Amino acid sequence: VQDVQDVLKQQQMARVPLASPEIAGSINLRGRIVTVINVRERLHLPERTDNQSRMFVVVRHRDELYSLM
């Protein structure tokens, strides 16, 4: 919890060519590029079937920001 920087509603993402499958893309958070990690893909869970918007939890790890989707 101490590493959480922001909780965001679904954001517009840019795809990252040749990235591993768990990297969903990147977002611009107040001028900083943040890598978005699809936690469901990383944990080998099935895709969501509902149409609710996704939430992004932005965390800091070793002075870098990552967004967990």
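As a reminder, the structure under discussion sits directly above these lines.
Residues numbered from 1 in each chain as written. Predicted model: local features only at pLDDT ≥ 70, side-chain atom pairs only at ≥ 80, totals over all residues. Heavy atoms only, no water.

> How do you make sense of the pattern of salt bridges when you look at a structure like this?
Side chains carrying opposite charge are able to pair once their charged atoms draw close together. With the rule as written, the count across this model stands at 2 salt bridges. Note that Asp6 and Arg30 form a salt bridge whose closest N and O atoms lie 2.5 Å from each other. Of this pair, Asp6 sits in strand E1 (residues 4–9) while Arg30 sits in the loop between strand E2 (23–29) and strand E3 (32–37), placing them 24 residues apart in sequence. With a relative accessible area of 19%, Asp6 lands in the buried category. Using a relative accessible area of 65% as the deciding quantity, one classes Arg30 as exposed. (Salt bridge = Lys/Arg side-chain N within 4 Å of Asp/Glu carboxyl O. Helix = DSSP H or I, 4+ residues; strand = E, 2+ residues; numbered from the N terminus. Buried < 20%, exposed > 50% of the residue type's maximum accessible area, 1.4 Å probe, protein only.)

> Could you clarify how one ought to interpret the sheet that holds strand E5 (residues 64–68) in this entry?
Hydrogen bonding along the main chain pairs the strands of a sheet, whether they run parallel or antiparallel. Ordered in space as E1-E4-E5-E3-E2, the 5 strands form an open sheet in which the pairing is mixed. In the strand order of this sheet, the two ends are held by E1 and E2, each with one partner. Direction aside, the axes of adjacent strands within the sheet are offset by 30° on average. Two strands pair when backbone bridges link them, and E1 and strand E4 (residues 55–61) are joined in this way by 5 bridges, in the antiparallel orientation. Bridge pairing in E4 links Lys9 to Met55. (Pairing = 2+ DSSP bridges. Axes fitted to C-alpha atoms, helices over the stretch in contact; angles between N-to-C directions.)

> How do you make sense of the pairing of E2 when you look at a structure like this?
Two faces make up the sheet, and in a regular strand the side chains alternate between them. The buried count for E2 comes to 5 of 7 residues, which makes it a mostly enclosed element. Here E2 runs beside E3; their pairing, made up of 6 bridges, is antiparallel. Counted as the bridge partner of Asn28 is Ile33 from E3. Connecting E2 to the next strand, E3, in antiparallel fashion are 2 residues, including Arg30 with a positive phi near 50°.

> Would you take a moment to explain a nonpolar patch on the surface for this structure?
Together, Val4, Val7 and Met55 give the surface a local cluster of nonpolar side chains, amounting to about 250 Å² of exposed area. With respect to the element layout, Val7 can be found in strand E1. (Patch = residues over 30% accessible without salt bridge, like charges linked within 9 Å, V, L, I, M, F, W, Y side chains within 5 Å. Areas by Shrake-Rupley, 256 points an atom, 1.4 Å probe, with all protein chains shown as cover.)

> Looking at this model, I keep getting lost on the nonpolar core. Mind explaining?
Across soluble globular proteins, you tend to see nonpolar side chains buried next to one another. Core analysis: the largest hydrophobic core is formed by 10 residues, namely Leu8, Ala24, Ile27, Leu29, Val34, Val36, Phe56, Val58, Leu65 and Met69. For this core, the secondary structure elements donating two or more residues are E2, E3 and E4. Considering each element in turn, this core owes the most residues, 3 residues, to E2. Discounting residues that sit within four places of it in the chain, Val58 has contacts with Asp3, Val4, Gln5, Asp6, Leu8, Leu29, Leu65, Tyr66 and Ser67. (Core = buried A, V, L, I, M, F, W, Y, C linked by side-chain atoms within 4.5 Å. Contact = heavy atoms within 4.5 Å.)

Limitation: the analysis is restricted to geometry and does not speak to function.
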